[in-house]
Amino acid sequence: MAEDTGVWLSKELSKLADKQKAYENRAFLTAMKKVVEEQNDRMKLLQGEVDGRLWNHEQW
Amino acid sequence: MKTLIIVSHPEINNSQTQQFLMQGAKLFDVTWHHVEGLKKIDVDNEQKLLRAADRIIFQFPLYWYAAPAGLKDWEDKVLTRNFIYGDGNDNLRDKEFGIVVSTGMPLKEFRRGGTENITIDQIMAPLRAIADRAKMENLPVFVISQFQYLKEEQQMQTLIDYQRYLTQKYPDTLDNRQEWFEQEFADRLKTLDETNCTECETILNTFIQQKEDLSQLKSTISLIKQGEDE
């Protein structure tokens, strides 16, 4: 499932960020995690839109 | 893409914000050009720098609703009429123009009804007018308010947002953000601690897969929309 993949990726980036000693790497990975969360949210919205449009009764 | 940062601050070594931004800029192939640090303003040299850049950023703290005097002095000497529009060359045409400004007051006060009662965009109007005259493309202003009050996590986010402001393709859409992070992750792989390549490659590939899934969903929706129109 794409949703699980996104959650997994977000957790992996979090773990990787925690391991970093260099400030800029920690900052980078934390910011990347936010983009992954944005991907996940967008994915849910778009998937919902696909479902909504496919089930549009006016188009039946 | 070549980015030139024209920095103006009369006491740059005492500025925590500017030192922080300088560290952030160092990681990239960008030119950090401090105007108060110049022994003499060599107009030809400055104009050469501007011509060579694709993205030009003016960076300064806000002093009485304007840039510090050092930047105005630099502008008056370097941005000659002929250079900006007079000789018919439009030397800066289509280059991107950005502004990084730090403020001592919270951003929310820079609006009608706020204690400052003026917006940041209104304050930046004279710089925007120059950019428009030079036929440059304006980027939205990057504002850093009360840097010293930011929590560590907010400072980290500011650092990365600043780096993206310097080097990421605009507009700042999710597509462009994904592209920037993908490229940066690949570039920074070797500098990451306590990790092996397999782990990082899986992360990178999953990130790319997510990007492609999103793009696929978007085209599916666009196909359905086309069908609805027919």
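Residues numbered from 1 in each chain as written. Chains lettered and ligands numbered in written order. Predicted model: local features only at pLDDT ≥ 70, side-chain atom pairs only at ≥ 80, totals over all residues. Heavy atoms only, no water.

1. Re the overall build of chain B
Stage number 1. Helix and strand counts for chain B come out as nine helices and six strands.
Stage number 2. Along the first, second and third principal axes, the C-alpha atoms of chain B reach 55 × 55 × 45 Å.
Stage number 3. For chain B, the proportion of its 230 residues judged to be buried stands at 46%.
Stage number 4. Pairs at least 24 apart in sequence give 72% of the contacts found in chain B among residues at least 6 apart.
Stage number 5. Carbon and sulfur atoms provide 48% of the accessible area of chain B, an area that totals close to 12,200 Å².
Stage number 6. One finds the centroid of the 27 positive side-chain charges in chain B at a distance of 7 Å from the centroid of its 37 negative side-chain charges. (Helix = DSSP H or I, 4+ residues; strand = E, 2+ residues; numbered from the N terminus. Buried < 20%, exposed > 50% of the residue type's maximum accessible area, 1.4 Å probe, protein only. Contact = heavy atoms within 4.5 Å. Areas by Shrake-Rupley, 256 points an atom, 1.4 Å probe, with all protein chains shown as cover. Lys, Arg positive; Asp, Glu negative; His and termini not counted. Charge placed at Lys NZ, Arg CZ, Asp CG, Glu CD.)

2. Comments concerning the layout of surface pockets
Residue and element names in this part refer to chain B.
Stage number 1. Approximately 220 Å³ is the volume found for the largest pocket.
Stage number 2. Around the largest pocket sit 13 residues that line it, and T167, Q168, W180, Q183 and E184 are the ones nearest its centre.
Stage number 3. The element that contributes the greatest number of residues to the lining of the largest pocket is helix α8 (residues 174–188), accounting for five residues.
Stage number 4. Along the lines of polarity and charge, the residues of the lining of the largest pocket split into four nonpolar, five polar and four charged.
Stage number 5. Residues from two domains meet in the lining of the largest pocket; each of domain 1 (3–170) and domain 2 (173–230) gives at least three. (1 Å grid on protein atoms, 1.4 Å probe; cavity = no way out; pocket = protein on both sides within 12 Å on 5 of 7 lines; lining within 4 Å. Points joined across faces, edges and corners; volume = space filled by probe spheres on them. Nonpolar A, V, L, I, M, F, W, Y, C, P; charged D, E, K, R; others polar. Domains from an automatic or database assignment.)

3. Focus on the interface of chain A and chain B
Stage number 1. Facing 37 residues of chain A, the contacting portion of chain B comprises 39 residues.
Stage number 2. A buried area of about 3,600 Å², summed over both sides, lies between chain A and chain B, and 68% of it is on carbon and sulfur atoms.
Stage number 3. Summed over the shared surface of chain A and chain B, the result is three salt bridges.
Stage number 4. With its nearest N and O atoms 3.4 Å apart, the salt bridge here joins R26(A) to E152(B). (Buried area = accessible area lost by both parts, 1.4 Å probe. Salt bridge = Lys/Arg side-chain N within 4 Å of Asp/Glu carboxyl O.)

4. Structural notes on the pattern of salt bridges
Stage number 1. Applying the stated criterion to the full structure yields 19 salt bridges over all chains.
Stage number 2. The salt bridge partner of E199(B) is K19(A), with a shortest N-O separation of 3.6 Å. Note that E199(B) is positioned in helix α9 (residues 197–229) and K19(A) in the loop between α1 (2–18) and α2 (23–54), a pairing that runs across two chains.
Stage number 3. Judged by its relative accessible area of 29%, K19(A) falls in the partly exposed class.
Stage number 4. For K33(A), the salt bridge identified is with E37(A), shortest N-O distance 3.4 Å. Linking K33(A) with E37(A), this pair stays in helix α2, spanning four residues, or about one helical turn.
Stage number 5. Judged by its relative accessible area of 22%, K33(A) is partly exposed.

5. Quick notes on the domain arrangement of chain B
Residue and element names in this part refer to chain B.
Stage number 1. Entries for chain B in the domain assignment read domain 1 (3–170) and domain 2 (173–230).
Stage number 2. A C-alpha centroid distance of 31 Å is found between domain 1 and domain 2.
Stage number 3. In this complex, domain 1 contributes nine residues to the contact, which on the side of domain 2 involves six residues.
Stage number 4. When domain 1 packs against domain 2, close to 660 Å² is buried across both sides, 58% of that on carbon and sulfur atoms.
Stage number 5. Seen at the junction of domain 1 and domain 2, the total is zero salt bridges.
Stage number 6. In this structure, the connection of domain 1 to domain 2 is made through two residue pairs in polar contact (both at pLDDT 80 or more).
Stage number 7. When its residues are assigned to classes, the side of domain 1 that touches domain 2 shows four nonpolar, three polar and two charged. (Polar contact = N/O pair within 3.5 Å; in protein donor to acceptor, adjacent residues only side chain to side chain.)

6. Overview of empty space enclosed by the protein
Stage number 1. Summed over the entire model, instances satisfying the criterion amount to two cavities of 30 Å³ or more.
Stage number 2. Taken together, L50(B), I56(B), F58(B), L79(B), L92(B), F97(B), L127(B), I130(B), A131(B) and M136(B) make up the full set of residues lining the largest cavity.
Stage number 3. When contributions to the lining of the largest cavity are tallied by element, the ones reaching two or more residues are β3 (55–61) and α6 (125–133) of chain B.
Stage number 4. Here the lining of the largest cavity takes three residues from α6(B), the largest share from any one element.
Stage number 5. Counted as a void, the second largest cavity has a volume near 30 Å³.
Stage number 6. Together, A27(A), T30(A), A31(A), K34(A), E153(B), M156(B) and Q157(B) line the second largest cavity.

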